[in-house]
Amino acid sequence: MADVSPSGSPLVELKGISKRYGDLLANDGINLAIQPGEIHALLGENGAGKSTLVKILYGVIEPSAGQILWEGRPVSLSSPVEARALGLGMVFQHFSLFDELTVAENIAVALTDDWDLATVRSKLGDISRAYGLALEPDRAVWTLSAGERQRIEIVRCLLQNPRLLILDEPTSVLTPQEAEHLFVTLDKLSADGCAILYISHKLEEVRRLCRSATILRGGRVVASIDPRERSARDIAALMVGNEIGEVRTGTPHVPKGAMLTVSKLSMPAGGLHGQALEDINLVANAGEIVGIAGIAGNGQSELFAALSGERLADKADAVVIAGKTCGTIDIDNRRRLGAAFVPEERLGHAAAPTHRLSENTLISHAATEVSRSGFILLNAARRLATAIIKAFDVRTPNGDPQARKLSGGNLQKFVIGREIIRQPKLLIVDQPTWGVDAGAARLIRQALVDLAGEGSAVVVISQDLDELFEVADRMAVIHQGRLSAVKPVNEWTKEAVGLEMLGIAQTQGAVHAV
Amino acid sequence: MRFELTPRPTISPVARALAPVLAFVTAFLIAGVVVWLMGRSPIAAFQVYVLQPLSDPWALQELLVKATPLALIAIGLSYCFRANFWNIGAEGQYVIGALLGSWLALKTHGGFWVMPAMLVLGILGGALYGLIPAFLKTRFGVNEILTSLMLVYVAQLLLDYLVRGPWRDPKGFNFPQSVTFDPAATLPLVADGSRVHYGTIFALVAVIVTAIVLGRTLFGYRLKLTGDAPRAARFAGFSAKHTTLAVFAISGGLAGLAGISEVSGQIGQLQPSISPGYGFTAITVAFLGRLNPIGILVASLVVALTFIGGESAQILLKLPLDLTQAFQGILLLCVLSADALVSHRIRFITRGGGK
Ligand SMILES: Nc1ncnc2c1ncn2[C@@H]1O[C@H](COP(=O)(O)OP(=O)(O)OP(=O)(O)O)[C@@H](O)[C@H]1O
Ligand SMILES: [Mg+2]
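Residues numbered from 1 in each chain as written. Chains lettered and ligands numbered in written order. Predicted model: local features only at pLDDT ≥ 70, side-chain atom pairs only at ≥ 80, totals over all residues. Heavy atoms only, no water.

If you check an unreviewed UniProt entry, chain B appears there as ABC transporter permease from Microvirga terricola.

The line we're drawing: UniProt positions are given in the numbering used here, feature names are shortened, and annotations may be inferred rather than shown by experiment.
Chain A appears in an unreviewed UniProt entry as ABC transporter ATP-binding protein from Microvirga terricola. As stated in UniProt under Sequence similarities (unreviewed entry), the record for chain A gives "Belongs to the ABC transporter superfamily."

**Here's the deal with the packing of aromatic side chains**
Put simply, the test is: Classification of ring pairs rests on two measures: the distance between centres of Phe, Tyr or Trp rings, Trp counted by its six-membered ring, which must be within 6.5 Å, and the angle between planes, read as stacked under 30 degrees, edge-to-face over 60 and tilted in between. Only DSSP runs of H or I with at least four residues qualify as helices, and only runs of E with at least two residues qualify as strands; both kinds are numbered from the N terminus onward. Geometrically, a charge over a ring is one whose NZ (Lys) or CZ (Arg) sits within 6 Å of the ring centre while staying within 35 degrees of the ring normal.
Under the criterion given, the structure shown has nine aromatic pairs over all chains. Ring geometry for B:Y94 and B:Y278: centres 6.2 Å apart, planes at 65°, overall edge-to-face. Taken together, the residues span a long stretch of sequence, with B:Y94 in helix α4 (residues 90-107) and B:Y278 in helix α11 (residues 278-288) at a distance of 184 residues. Through a chain of ring-to-ring contacts, the aromatic side chains of B:F28, B:F46 and B:F327 assemble into a single cluster. The ring of B:F235 carries the charged tip of A:R335 above its face, separated from the ring centre by 4.8 Å. In this arrangement the basic side chain of A:K487 is found over the ring face of A:W492, its NZ or CZ atom lying 4.3 Å from the centre.

**Section: the sheet that holds strand β10 (residues 220-225) of chain A**
Whether parallel or antiparallel, the strands of a sheet pair through hydrogen bonds between backbone atoms. All names here are of chain A. Cut-off, in case you're wondering: Pairing between two strands requires that DSSP report at least two bridges joining them. Working convention: axes come from line fits to C-alpha atoms, limited for helices to the stretch in contact. Angles between N-to-C directions cover 0 to 180 degrees. Throughout, a contact is declared for two residues whenever any of their heavy atoms are within 4.5 Å.
Across the sheet, six strands lie side by side as β6-β7-β8-β3-β9-β10; this open sheet has mixed pairing. Taken across any chain shown, the strands that pair with only one partner, and hence form the sheet edges, are β6 (88-91) and β10. Between one strand axis and the next, the sheet turns through 20° on average, direction left out of account. Pairing analysis gives four bridges linking β6 to strand β7 (residues 164-168), with the strands arranged parallel. Residue G89 lies in a different strand from β7, and its bridge partner there is L165. Contacting β3 (39-44), β7 and β8 (195-199), helix α6 (residues 176-191) runs over the sheet at an angle of about 145° to β8.

**Quick word on the pairing of strand β9 (residues 212-217) of chain A**
Residues and elements named next belong to chain A. Our working definition: Three exposure classes are used, based on accessible area relative to the maximum for each residue type with a 1.4 Å probe and protein chains only: buried under 20%, partly exposed in between, and exposed over 50%.
By the criterion of burial, β9 is predominantly enclosed, with five of the six residues buried. In this sheet, β9 lies alongside β3 in parallel orientation, the contact comprising five bridges. Counterpart to G44 in the pairing with β9 is L216. Judged from the five bridges that link them, β9 and β10 form a sheet pairing that is antiparallel. Pairing of I215 across the sheet is with A223, part of β10. Joining the antiparallel neighbours β9 and β10 is a turn of two residues, in which G218 adopts a positive phi near 55°.

**Thoughts on the interface of chain A and chain B**
Put simply, the rule is: Note on definitions: buried area is the accessible-area loss of two parts on being combined, 1.4 Å probe, summed for both. Salt-bridge detection follows one rule: a side-chain nitrogen of Lys or Arg within 4 Å of a carboxyl oxygen of Asp or Glu.
Listed as interface residues are 36 residues of chain A and, on the opposing side, 26 residues of chain B. Counting the surface lost from both chain A and chain B, the interface buries some 2600 Å², and carbon and sulfur atoms represent 57% of this. When the buried area of chain A at its contact with chain B is split by residue, A:E62, A:S78 and A:H355 rank highest and sum to 20% of it. Counting across the chain A and chain B interface gives two salt bridges. Between A:E359 and B:K224 there is a salt bridge, with its nearest N and O atoms 2.5 Å apart. Contributions of two or more residues to the side of chain A that touches chain B are made by β1 (12-21), α10 (331-336), α11 (357-360) and β18 (375-376) of chain A. Element by element, the count of residues in the side of chain A that touches chain B is highest for α10(A), at three residues.

**Here's the deal with α11(B)**
Residues and elements named next belong to chain B. Of all 11 residues in α11, nine are buried; the element is thus mostly enclosed. Looking only at α11, the buried set comprises Y278, G279, T281, A282, I283, T284, V285, A286 and L288. Phi turns positive, to about 55°, at R290, one or two residues after α11.

Shown next, in the form of structure tokens:
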């Protein structure tokens, strides 16, 4: 792994890479060079073309124009198999692991035939020790946390001795502690000569980790900088082309009576690997934002399903919305009470990938004016989609595109906008700024704060502690399906939240600590 | 070397419009080669299969008669297939609809109400029979493909038993068939002297209503969403259970209507065979028509043509009747491949780099 290329030429060089989707140039003549052992950040706002570029580099999609040079030689990569053979490894944002198989089995199935389970095990031990990536080969994947799962993906790449490792938003699923651990590993890898291409929207960690960064805007390179010499604010400004402000809180939120009351909510685990909810108690008042922190997989999606009515409780009074008991009524009727919901997964859950945005407004039809006596009002749906696009600055490739053609962050703005635009009395949102750039994240957080300011109750489930500290009035932590006490944000410290997230808190406030 | 299909970033509308035409031409070319290999003239076969039926008024009416059950059943199936549920037992629902309606015909002797009531019973019979696999799926999670298919054989055996046993015409020289329905139990013809019965009107109405339901109503969107993104459908408040029951009831009901229309309007009595496999061929028709109501209407006419052409080809050219089914299969494959090639591109990948 440690062979630095002798001639001093870059390890990989992209020359004039372009990718056209119809009228839209997702990548426009991009030049980028990565030296051996370099940790290189790829930055840019949502839709800037980052994912498109790394997918081209990894052979997943074909560029419309341009050339890739590997150690100075032109190569053509038409599939990930070829990219791997050359020495590229990629960790996608969404893991591709089999839940039922063990760690070692998961690694072995992804490798070529000449790897057997025994070799994998012994190599796994070596790599784990060398890079501090602790993994038990015989654990089933479904018992592992997101951080541990990511380690499998990384180890899987490392076993093939990559010369360049691509990571697409690796820390969005990690706790701060897990993220810190990842950085140590990456530093070691880089010292051993492995180059790393790193995509992230979290500028502080980019400044901590990377010595060079390429910034994309609208598919073009707008700057190549050393992130350690610039402030996060400067970098963000380069990404969007202007300054990003702070979220304005305006007047402090004045709570005005309970809009959501959850009492003694328990629910068995939905599937084999689901998390049961145990005795959840929570109040969200009109005019305030309640934050729920926690590591992914601790019952957040189950809590969301129970609050939205996608799963019903067995007691009607477990959930009370706007004064009406509705533990056993479905999501549409909760919407009619003035509640709105935004799930974590935007493609496939919040929106249908192959449907146009106007059609996607029909998903929350129960509470909007897009249908009358069972008939769809097509024009109203189109107008609504246009209004959302305008109000939430959704960048679309054309007027009414399919949802899947939007970049991740822009679709997120759309699905949040779809709910906020009708001024719900209660908004429940799971991971509101997941994979969203700084500018868009500010826009979304501002919209949440403004909504509460206008007298709605907002519940924000998020893994991003900075986000919760920025927007929430009160906060609780979910761990293994149990919710800690809800306390005003200024009574929490990041350390206290971190401990509570790991289930080792002993503070008097947290009665449910395990 | 292997090849893979990659989605095209943009789909040309011209290619999309031309695809079915090219698919048809290709299918005819393949069929022509097959006929040629069998030692007959492809030109003569084309003449008998396509040109003759289309130029003969009697055959044209026959075309409508054959297309009617196909269109009715396929329209019903399109509700299921859009929502991604696999009802392949329309043949059974057709038979049960025919049986229940005919029961009334055999039990009554005249009355203006008999025919409408028979139609209602036909729809009801097909719908209830279709609800069996739907219920088994929603209640116990049983795969609907297996149950709906197996229920076809149950229905066919029941029909066989009835026409050979309790419902057999006592004066019918022991032939396995019921008495001929009396006029009050016969579906009227659209015009005197024609062969086309009211079933054809039902099919047209079903096409128009379905076009509106699928394109303009929330229920239609519900089916599309359930098929394309089931999780989003649940998030939209559309219960999967209700959707399943509804689409099976609709498709079963339309298959039942096709069954009773065919028996009372075309055959005039019950007999062991009341369908040349309409319920199965309708699956082809539904996909040939791309699950679009107008498309299904056209596809039902095309497939009916192959039925009629196949019959005359058997007589005039001594070509086996199985060739008809083979041709229907070729046609479907060509249309589906053309669709796939419009939205995807084939890439050949050789091992170890290069394209
Ligand atoms: N299949 C497609 N068809 C049409 N347009 C597409 C397609 N895929 C991506 N795009 C467009 O290309 C542009 C770049 O998308 P890309 O996913 O690379 O952005 P990104 O920088 O990764 O953004 P994010 O941070 O939101 O993930 C976007 O405007 C997007 O709408
Ligand atoms: Mg991306």
